[in-house]
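# Notes for the structure review
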Amino acid sequence: MTTDYKATVFLPATPFEMRAGLVKKEPALIERWDRLDLYGRLRATRKGREKFVLHDGPPYANGNIHIGTALNKILKDVINRSQSMLGKDAPYVPGWDCHGLPIEWKIEEKYRAAGKSKDAVPVAEFRQECRAFADHWIGVQKAEFRRLGVEGDWSNPYLTMDFKAEAKIVDECLKFLMNGGLYRGAKPVMWSVVEETALAEAEVEYHDHTSTTIHIRFPVVSGPEVLAGASIVIWTTTPWTMPANRGIACAADADYVRVKVTGVAEGSRAKLGESLVVAGPLLAEVVKAAGITDHEIEAGFPGSDIAFKTICAHPLRGQGYDFDVPVLAGDFVTMDTGTGFVHIAPSHGADDFELGRKHGLPVPELVGPNGAYLDDVPLFAGKKVLWPNGKEGNANSSVLAAIDEAGGLLAQGKLVHSYPHSWRSKAPLIFRATPQWFISMTTNDLREKALTAIDQVQWVPAAGRNRIYSMISSRPDWVISRQRAWGVPITLFVDRKTNEPLRDPAVNARIVEAVTAEGADAWFTSAPSRFLGEAYDPEGFEQVMDILDVWFDSGSTHAFVLEEREELKWPADLYLEGSDQHRGWFHSSLLEACGTRGRAPYEGVVTHGFVVDGQGRKMSKSLGNTIAPQNVIDQNGADILRLWVATSDFSEDLKIDNDILKAKAEVYRKLRNTLRYVMGSLDGFTEAERLPVAEMPELDRWVLHRVAELDKAMREGYQTYEFHRAFMALTDFCIGDLSAFYFDVRKDAIYCDGPSSIRRRAVRSVLDVLFNCLTTWAAPVLCFTMEEAWLTRNPGDDESIHLREFPAVPAEWLDPALAAKWERLRALRLVITGALEIERREKRIGSSLQAQPIVHIADEDLLALARTVDFAELSITSGIELLAGEGPAEAFRLTEVPGVAVEPRPAEGEKCARCWMVLPEVGAHADHPGLCHRCHEVVAHG
């Protein structure tokens, strides 16, 4: 060949690079969006459209974001971008949770390191340092969220520490005061001796903990004759609570036995001849634990025979514990473990408190905020119930020793069990009765309103409904007070004479006005008279200095964000957070809104799982399996992280490790190359070239049918938040239908047909549709890459893919009959390409264009279908012969496509120097002897 025809071939050309270079390109695109004011432009272009409002659950402002936070924010961004491209106005106001213990701790640590006490610092000064700390991390996190590609009103986020926000939180709390839902009561709450504050259920997590167990004798003082001279045996995992014991609970309908000890093992604390009372079903467990080798059953009776009729002595009677200990019936007593008797310490247990309150038991305050017994506690003053490291304090050993010396200890042991811990300090908690402020679950029918509201909400996944319904059904009153300094105060005055909180709208208005102007610091720095006015004597009132549970802060965001931002609406369409927020933000928002407005502040709730490593293990620094989003972005770009999010089933825990990220990067590469091929093949395309759909060959109309199918799948996937299904369908389409089939078949027409060719015009018209659809469909996920692609074809200072909507796909493109036909044709093609692949592997041909196979088709209907299309073009061969019948035995077959056999054979003729097809006609043209008829026409006549 003497002539080089390469210049006459229409090879793809595009500046859209094969190598993504996301690490460098993404920051530049973020800067471009800022210059463009993309968020503002979106609001302007979508003004007047149906609103879709996803209310941002505020992350905590105290450190760099982690992979779970990145997952959360990316999901929100995918939803907002997709809703916008579905034609809605989807404003997004990001926010931050700024108050609370973690920040306060950081400032305390600074003081401790300097040898100072927080209490020696003026409260306003301390709070200002907390505010500055939160403000710093807001700036850091804002940049990190922005780097993920998250679009929103970053110039005007909401902060729970903004003065107006603090004032609204105060106002919401005062609504509960005025409607009677807020009250002060002394009841056991979960208390952190490390953080010295009460915690709510949402701030508690459960871990295994090793506790000392004890079996204790309570001598019977009076009661039924069957108990005379015996001791009731209780079992507990908290020996330190024994000084607070004021009763014993039994199960009224359970069987109990009185047993006489007749044999003991060496070292046993049981005494020969003594009589012990335990539950019959647990007798074997008790005698084993106590080292009792032989016993006699002296009597049996139901719990109802002794409940409310029996008085016992405390095991430390005569040493400051000389009160009576009554036996009561409790419905919480089970026969799972222990002795069938539960020691009741009303100060240190929820069930204990309720039973004690019902029957008039005292609720002594014995343990101080630091977890030490108070100075007036007999025998154990100053002893710690827990050490700061979570280990049992010296109160446990001291109580054990004292009871043992008094003869009350029957047995002791160890038990590993699930136990409440602070989710911040990770230290075990105690139940401690202290005066706290509560929101009643029964006043104003709050529980019933919340349960009704739950069933009016769409929960995704649906199991979320049952989870939160169960929590609300059984939850105790909401303890909203904390004994800390950094947060929104509970702005109440309590009458010293009546012990009732002051309910005065004028006082409330002055408080809200002051906080609006000066922030919550005003409560701590102003004289009480500023709020009380002239109507009340400050000396007659206690000013409450507790602060609000931070969950009340975040639970009130609907009030100062959704209701007060003009671009938003109440209720929100969606709240989206991790599944732990059923007991957190979803929970507190539900209760706050139902308590003040009678319904949930959201129409729908979507929850996602947690991020785990590739083996499904929880991420931890000790395992070395953590993955920081910042590192992923620095190495791969944010779009790879976003692709991982969108292609994962976030309703479950999401796995991530380097191998998974590499796999996602490979999927990204294939998607990018698909798009690059589309763009390159569209080089020079104009509207004049577009071919009406009705004039297109079947293959191109089949692609449009697939586009219509995928348009439905993408829209449904985005609307139902099943991104992984939608994006996997998109990926399969790009890789399977386009790259591996359509592009492969039509590349000859793109490269070698003339500009006016019907085939070339058809495929280029389809490619233009594909570009518009693929870029918009993928833009909510691959926000950077699709913007780059869009700007490559549509340059301009005002251009952005994110200002567009999903293209309207004509319904008439759907053609099920055509799809069914091409499904059969593709199966037939699979047999042919399989046969040619063997020929290539055996090096009998170099490419499929060197082949002209014979295809035997037994199915007459399939044969007729095959003859309606150019099967040589479909198989990318230079020719093909279709024959009826089974074909020779040695022919190639595939079991999944029965009735088709292929005999490979070489094509006859010469190779065209331009299209590389092997045809007999090559050499027929004197002016271009190396070309086939088609290529000669293009080269000679254009």
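Rules used in this analysis
Residues numbered from 1 in each chain as written. Predicted model: local features only at pLDDT ≥ 70, side-chain atom pairs only at ≥ 80, totals over all residues. Heavy atoms only, no water. Salt bridge = Lys/Arg side-chain N within 4 Å of Asp/Glu carboxyl O. Helix = DSSP H or I, 4+ residues; strand = E, 2+ residues; numbered from the N terminus. Disulfide = S-S within 2.5 Å. Buried < 20%, exposed > 50% of the residue type's maximum accessible area, 1.4 Å probe, protein only. Pairing = 2+ DSSP bridges. Contact = heavy atoms within 4.5 Å. Axes fitted to C-alpha atoms, helices over the stretch in contact; angles between N-to-C directions. 1 Å grid on protein atoms, 1.4 Å probe; cavity = no way out; pocket = protein on both sides within 12 Å on 5 of 7 lines; lining within 4 Å. Points joined across faces, edges and corners; volume = space filled by probe spheres on them. Expected span 1.5 Å × (residues − 1). Arc of directions from axis to C-beta. Lys, Arg positive; Asp, Glu negative; His and termini not counted. Polar contact = N/O pair within 3.5 Å; in protein donor to acceptor, adjacent residues only side chain to side chain. Phe/Tyr/Trp six-rings, centres within 6.5 Å; stacked < 30°, edge-to-face > 60°. Lys NZ or Arg CZ within 6 Å of the ring centre and 35° of its normal. Left-handed = near helix turned anticlockwise from the far one by under 90°.

Quick look at the pattern of salt bridges now. Following the criterion strictly, the structure yields 72 salt bridges and no others. The salt bridge involving Lys76 is made with Asp56; its shortest N-O contact spans 2.6 Å. Of this pair, Lys76 sits in helix H3 (residues 67-85) while Asp56 sits in the loop between strand E1 (54-55) and H3, placing them 20 residues apart in sequence. Of the charged contacts in the structure, one is a salt bridge between Lys175 and Glu172, with a shortest N-O distance of 2.9 Å. Separated by three residues within a single helix, Lys175 and Glu172 lie in helix H6 (residues 163-178), roughly one turn from each other. Among the ionic contacts, a cluster of salt bridges with common partners joins Lys168, Asp171, Glu172, Lys175, Glu563, Glu564 and Arg597.

Now for the state of the cysteines. With the rule as written, the count across this model stands at zero disulfides. In this structure Cys594 is not part of a disulfide, and its nearest cysteine sulfur, from Cys173, lies 17 Å away. Cys783 takes part in no disulfide bond, and the closest cysteine sulfur to it belongs to Cys734, at a distance of 17 Å. On the basis of relative accessible area, Cys783 is assigned to the buried category, the value being 0%.

A few words on the sheet that holds strand E23 (residues 572-578). Strands in a sheet are paired, the pairing made by backbone hydrogen bonds, and the direction either parallel or antiparallel. Read across the open sheet, the four strands follow the order E1-E23-E24-E17; overall the sheet is parallel. Since the sheet does not close on itself, it has two edges, and those belong to E1 and strand E17 (458-460), each with one partner. Sheet topology places E1 next to E23; two bridges connect them, and they run parallel. Paired with His55 across the bridge in E23 is Tyr575. Its contacts with the sheet put H3 on E1, E23 and strand E24 (602-608), and the angle it makes with E23 is roughly 155 degrees.

What follows deals with empty space enclosed by the protein. Under the criterion given, the structure shown has six cavities of 30 Å³ or more. Computed from the structure, the largest cavity encloses a volume of approximately 140 Å³. Together, Tyr39, Leu42, Arg43, Asp77, Asn80, Arg81, Ser84, Met85, Ala90, Tyr92, Glu151 and His802 line the largest cavity. Breaking the lining of the largest cavity down by element, the ones donating at least two residues are helix H2 (38-45) and H3.

On to the environment of Pro904. Tracing the backbone through its elements, the reader meets Pro904 in the loop between strand E30 (897-903) and strand E31 (910-911). Judged by relative accessible area, Pro904 falls into the partly exposed class, the value being 32%. Apart from the residues within four sequence positions on either side, Pro904 is in contact with Ala835, Glu839 and Pro853.

Moving on: helix H1 (residues 22-36). Since the α-helix turns once every 3.6 residues, residues separated by three or four places project in the same direction. For H1, which comprises 15 residues, the first-to-last C-alpha distance of 20 Å matches the rise-based estimate of 21 Å (1.5 Å per residue) to within 8%. Along H1, the residues that are buried comprise Leu22, Glu26, Leu29, Ile30, Arg32, Trp33 and Leu36. End-on view of H1: buried residues confined to an arc of 160 degrees, all on one side of the axis. Across H1 from its buried face, at more than 90 degrees, point the exposed residues Lys24 and Arg35. Trailing H1 by a residue or two, Asp37 shows a phi angle of about 55 degrees, which is positive.

Residue placement: His587 occurs in helix H17 (residues 585-597). Assessed through its relative accessible area of 6%, His587 is described here as buried. Discounting chain neighbours no more than four positions away, the residues touching His587 are Ile468, Met471, Ile472, Arg475, Gln581 and His582.

Time to look at the side chain of Arg246. On the secondary structure map, Arg246 appears in the loop between strand E7 (231-236) and strand E8 (247-250). It is Asp376 that comes nearest to the buried, bridge-free Arg246 among opposite-charge side chains, at 9.6 Å. Of note is the side chain of Arg246, whose polar atom sits 3.0 Å from the backbone oxygen of Pro243. Not counting residues up to four positions away in its chain, the partners in contact with Arg246 are Phe323, Asp324, Val325, Pro326, Ile344, Pro346, Leu361, Pro362 and Pro364.

With that settled, consider the sheet that holds strand E27 (residues 854-857). Pairing is mixed in the open sheet, where four strands are placed in the order E28-E27-E30-E29. Each edge of the sheet is formed by a strand with only one pairing partner; in this case those strands are strand E28 (881-884) and strand E29 (892-894). Direction aside, the axes of adjacent strands within the sheet are offset by 25 degrees on average. Relative to E30, E29 runs antiparallel, the two sharing two bridges. Bridge pairing in E30 places Phe892 opposite Val902. Across the sheet, helix H25 (residues 816-841) is in contact with E27, E29 and E30; its angle to E30 comes to roughly 40 degrees.

Moving on, we get to the packing of aromatic side chains. Per the stated rule, a full pass over the model turns up 28 aromatic pairs. Taking the centre distance of 6.2 Å and the plane angle of 25 degrees together, the rings of Tyr111 and Phe126 count as stacked. Residue Tyr111 is found in helix H4 (residues 101-113), and its partner Phe126 is found in helix H5 (residues 123-147); the two are separated by 15 residues along the sequence. Where Phe741 meets Trp822, the ring centres are 6.4 Å apart and the plane angle is 55 degrees; that geometry is what we call tilted. With Phe741 in helix H22 (residues 723-752) and Trp822 in helix H25, this residue pair connects regions lying 81 residues apart in the sequence. Assigned by exposure class, Phe741 and Trp822 land together as buried. Site record: aromatic cluster; members linked through ring pairs are Trp459, Tyr575, Trp585, Phe586 and Tyr602. Note that Arg81 overlies the ring of Trp33, its terminal NZ or CZ placed 5.2 Å from the centroid. A cation sits over an aromatic face here: Arg465 above Tyr469, 4.1 Å from the ring centre.

Backbone geometry follows two general trends: most residues other than glycine have a negative phi, and most peptide bonds adopt the trans configuration. The omega torsion of the bond from Val460 to Pro461 falls at -5 degrees, within 30 degrees of zero and hence cis. With respect to the helices and strands, Pro461 occurs in the loop between E17 and helix H11 (463-474). Note the cis peptide between Trp570 and Pro571, where omega equals 0 degrees. Along the chain, Pro571 turns up in the loop between helix H16 (557-562) and E23. The backbone phi angle of Asn444 is positive, close to 60 degrees, even though this residue is not glycine.

We now examine the packing of H4 against H5. Packing of H4 against H5 brings their axes to within 9 Å, and their N-to-C directions diverge by 115 degrees. Helix-helix and strand crossings are classified by hand; for H4 and H5 the assignment is right-handed. Contacts between H4 and H5 involve Ile103, Glu104, Lys106, Ile107, Glu108, Lys110 and Tyr111 from the first element and Glu125, Phe126, Glu129, Cys130, Phe133 and Ala134 from the second.

Nothing here speaks to function; it is geometry throughout.
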